[in-house]
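Structural overview
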Amino acid sequence: MGMRQQRTQPMGYVIATANMKGGVGKTTLTVNLATCLAKNYGKRVLVLDLDSQISATLSLMSPLDFAKRRKQSKTFRYLIDQVINPEPEAKLTIQDIIQSQVCNLPGLDLLPGDIDLYDEFVVSEMLHQQATALGEQDFETIWNRFERVLINNILKPVRQEYDFILLDCAPGYNLLTRSALAASDFYILPAKPEPLSVVGIQLLERRIAQLKDSHGHETKINIKMLGIVFSMSSANLLTGRYYKQVMHRVVEDFGVEKICKVQIPVDVNVAKAVDSFMPAVLNAPQSAGSKAFFQLTQELLQKL
């Protein structure tokens, strides 16, 4: 079976980056991974920012550019609004909203997030109306269905155009995180080797099990864990006392093959890159952090 034949199948992997706990290096991982895939492997990559902190968006474009796009409604919020509260004539398509070649890198595209992603109340109201119209007694069924298809349907028109679509999820477990997990083939779990971070991993695992369970009777959710990526914090390097305990715990829970061998070191360049609205692997490709991201990208591609 040659490459050409396989190419007709959607090769595109949809991968979510998630952890219930914030501050674990999630966005840095997402944008640097995306950039490496485009730059070093010639892949076509789309980053979707699902966190209302919009750090992924601001890692790839300046606040000024973002403000302009937001004025023109060219953010992910517009696409959600179209689902929740459709206008008869949608003026913008997902193609209009995707910013292509961010950081002047061919193959790297961004679907900008928004500080204001959706209104829970409006969602509930719409689903309630749907339930009433369909004579559906069980509101949960309607909600689950909506959750399962929301991001999936939004991405449908472009899913074939990318080798990778990376979903940067907000910490915690909101509607968009659940919908992102339901739409993904894999998820990557960024973590720090400290006890709370491990709790975040275990919580997410439990939630994903519940998610698969609650959607089991309809289409199966087939998301698999691709790997746990540890990024070091200077505190750990100093004390090291948690490090062994935590690693032991995670190996016990998930098995050693789930833990990525490459760990992301503490690197001031990675933090500084945020100020240039450009990922570290472009901004400081020779730094320790960037080299780790290059190696991690290679490791994750091998896992796939």
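Not measured: the values here are computed from a predicted model. (Residues numbered from 1 in each chain as written. Predicted model: local features only at pLDDT ≥ 70, side-chain atom pairs only at ≥ 80, totals over all residues. Heavy atoms only, no water.)

Concerning the nonpolar core
- Counting residues in each nonpolar core, the largest one holds 60 residues, and the members touching the most others are Phe76, Ile151 and Leu167.
- The biggest single contributor to this core is helix 8 (residues 139-155), with seven residues.
- Formed by 38 residues, the second largest nonpolar core is a distinct cluster that contains Ala38, Val102, Val262 and Ile264. (Core = buried A, V, L, I, M, F, W, Y, C linked by side-chain atoms within 4.5 Å. Buried < 20%, exposed > 50% of the residue type's maximum accessible area, 1.4 Å probe, protein only. Helix = DSSP H or I, 4+ residues; strand = E, 2+ residues; numbered from the N terminus.)

Here we look at helix 7 (residues 120-133)
- Between its first and last C-alpha, helix 7 extends 20 Å over 14 residues, near the 20 Å set by a 1.5 Å rise per residue.
- In this structure, the buried residues of helix 7 make contact with helix 5 (76-84), helix 8 and helix 9 (175-183).
- In the segment just after helix 7, Gly135 is the residue with positive phi, at about 60°. (Expected span 1.5 Å × (residues − 1). Contact = heavy atoms within 4.5 Å.)

Looking at the confidence of the model for the protein
- A residue-level look at the protein finds 93% of positions with pLDDT of 70 or above and a mean pLDDT of 88.
- The low-confidence segment residues 1-10 (pLDDT under 50) makes four contacts with residues lying over four places distant or belonging to another chain. (pLDDT = per-residue confidence, 0-100.)

Observations regarding the pattern of salt bridges
- Throughout the structure, instances matching the rule amount to eleven salt bridges.
- When the shortest N-O distance is used, the salt bridge between Asp168 and Lys26 registers 3.4 Å. Residue Asp168 is found in strand 4 (residues 164-169), and its partner Lys26 is found in helix 2 (residues 26-41); the two are separated by 142 residues along the sequence. Note on accessibility: Asp168 and Lys26 belong to one class, buried.
- The residue Glu147 makes a salt bridge to Arg178 at a minimum N-O spacing of 2.6 Å. Of the two residues, Glu147 is situated in helix 8 and Arg178 in helix 9; the sequence distance between them amounts to 31 residues. (Salt bridge = Lys/Arg side-chain N within 4 Å of Asp/Glu carboxyl O.)

Looking at the pairing of strand 6 (residues 224-230)
- Counting buried positions along strand 6 yields six of seven residues, so the element is predominantly enclosed.
- As paired strands, strand 5 (residues 186-191) and strand 6 are joined by six bridges and run parallel to one another. Opposite Ile188, over in strand 6, you have Gly227 as the bridge partner. (Pairing = 2+ DSSP bridges.)

Looking at the packing of aromatic side chains
- Under the criterion given, the structure shown has four aromatic pairs.
- Feature note: the residues Tyr13, Phe164 and Phe186 constitute an aromatic cluster, connected by ring pairs.
- When the ring centre of Tyr173 is taken as origin, the NZ or CZ atom of Arg178, which lies over that ring, is 5.4 Å away. (Phe/Tyr/Trp six-rings, centres within 6.5 Å; stacked < 30°, edge-to-face > 60°. Lys NZ or Arg CZ within 6 Å of the ring centre and 35° of its normal.)

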